[in-house]
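Analysis of the macromolecular model
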Amino acid sequence: MDPTEETLNDPAVRAYLHRLVGDEGLNLLERFPREGEHSDEDLAASTGINLNSVRHTLYTLYERRLAEYHRIKNNETGWLTYLWQLRTDHIYDAIREDMEVVLDKLSRREKYEEENDFYICKDCHTLMTFPQAMNTDFKCPDCDQPLGHFDNEVLLKSLKERIDAIKKSLGHA
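Figured I'd write up the structure that's included with this text. What you see is a predicted model, and the numbers here were worked out from it, not measured in a lab. (Residues numbered from 1 in each chain as written. Predicted model: local features only at pLDDT ≥ 70, side-chain atom pairs only at ≥ 80, totals over all residues. Heavy atoms only, no water.)

Section: the pattern of salt bridges
- Inspection of every chain in the model, using the stated rule, returns 15 salt bridges.
- Note that Asp-98 and Arg-19 form a salt bridge whose closest N and O atoms lie 3.5 Å from each other. Here Asp-98 is found in helix α5 (residues 91-115), whereas its partner Arg-19 is found in helix α2 (residues 11-31), with 79 residues between them in sequence.
- Connected through salt bridges with shared partners, the residues Arg-19, Arg-64 and Asp-98 form a single ionic network. (Salt bridge = Lys/Arg side-chain N within 4 Å of Asp/Glu carboxyl O. Helix = DSSP H or I, 4+ residues; strand = E, 2+ residues; numbered from the N terminus.)

Written out as structure tokens, the structure reads:
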């Protein structure tokens, strides 16, 4: 089994790539020739995948450094041809970078949840911070019902667990 095929068979990698490029993109990756460089037109023709889908997948992968290309200019017509190849050797770096982004967002959300006191309308479920609730005299701006305190401990506990799991998998713990 070649390294690309082995990488594509990893369930975590497949899930990541599916989220990134969808069914058609994953289909392209599975059918992508393992040797050499290929134009988007050749890839569309050889795989039977729509040219726009091929291009979308290649550009999405390029943004994550999972594909690279070089251009060839036809001196007679002036047309540029892009020749692509996969860089599955960068997949774990791409996943790590995305996990770092998620970790940062979850950490900011954890801080927001820790620093605020929340109030909720029991009828329409409008959620407000203490200053927002104070500005409405602790009444729902939508239905005028009194707001009750909202205990976010379960959410905070879940955020902390998820953050700890990501930190552990990234080697930060």
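Continuing now.
Quick word on the sheet that holds strand β6 (residues 147-150)
- The strand order across the open sheet formed by 3 strands is β5-β4-β6, and the pairing between neighbours is antiparallel. A single partner strand is all that each edge strand has here, and the edge strands are β5 (127-129) and β6. Looking at each pair of strands side by side, their axes are set apart by 35° on average, direction ignored.
- Here strand β4 (residues 118-121) pairs with β5 via 3 bridges, running antiparallel. Across the sheet, residue Ile-120 finds its bridge partner in β5, namely Leu-127. (Pairing = 2+ DSSP bridges. Axes fitted to C-alpha atoms, helices over the stretch in contact; angles between N-to-C directions.)

Here's the deal with the side chain of Asp-40
- Note on placement: Asp-40 falls in helix α3 (residues 40-47).
- The class for Asp-40 is buried, based on a relative accessible area of 7%.
- Contact partners of Asp-40, with chain neighbours within four places excluded, come to Leu-51, Val-54, Arg-55, Leu-58, Tyr-82 and Trp-84. (Buried < 20%, exposed > 50% of the residue type's maximum accessible area, 1.4 Å probe, protein only. Contact = heavy atoms within 4.5 Å.)

As for unusual backbone geometry
- If you check the backbone angles, Arg-65 has positive phi at about 65° while not being a glycine.
- When you line up the elements, Arg-65 lands in the loop between α4 (51-63) and β2 (67-73).
- Residue classification places Arg-65 among the partly exposed residues on the basis of a relative accessible area of 43%.
- Here the phi dihedral of His-125 falls at roughly 60°; this positive angle occurs in a residue that is not glycine.
- Here His-125 shows up in the loop between β4 and β5.

Observations regarding the state of the cysteines
- Overall, the coordinates contain 0 disulfides when judged by the stated rule.
- No disulfide involves Cys-140; its sulfur sits 3.3 Å from that of Cys-124, the nearest cysteine.
- The exposure class of Cys-140 is buried, given its relative accessible area of 2%. (Disulfide = S-S within 2.5 Å.)

Focus on the packing of α3 against α4
- Running from N to C, α3 and α4 cross one another at 120°; their axes reach a closest spacing of 9 Å. When the interaxial angle is binned, α3 and α4 end up oblique. Considering the relative orientation of α3 and α4, their crossing is right-handed. On α4, the residues touching Asp-40, Glu-41, Leu-43 and Ala-44 of α3 are Leu-51, Val-54, Arg-55 and Leu-58. (Parallel < 35°, antiparallel > 145°, perpendicular 65-115°, else oblique. Left-handed = near helix turned anticlockwise from the far one by under 90°.)

Read these as geometric descriptors, not functional statements.
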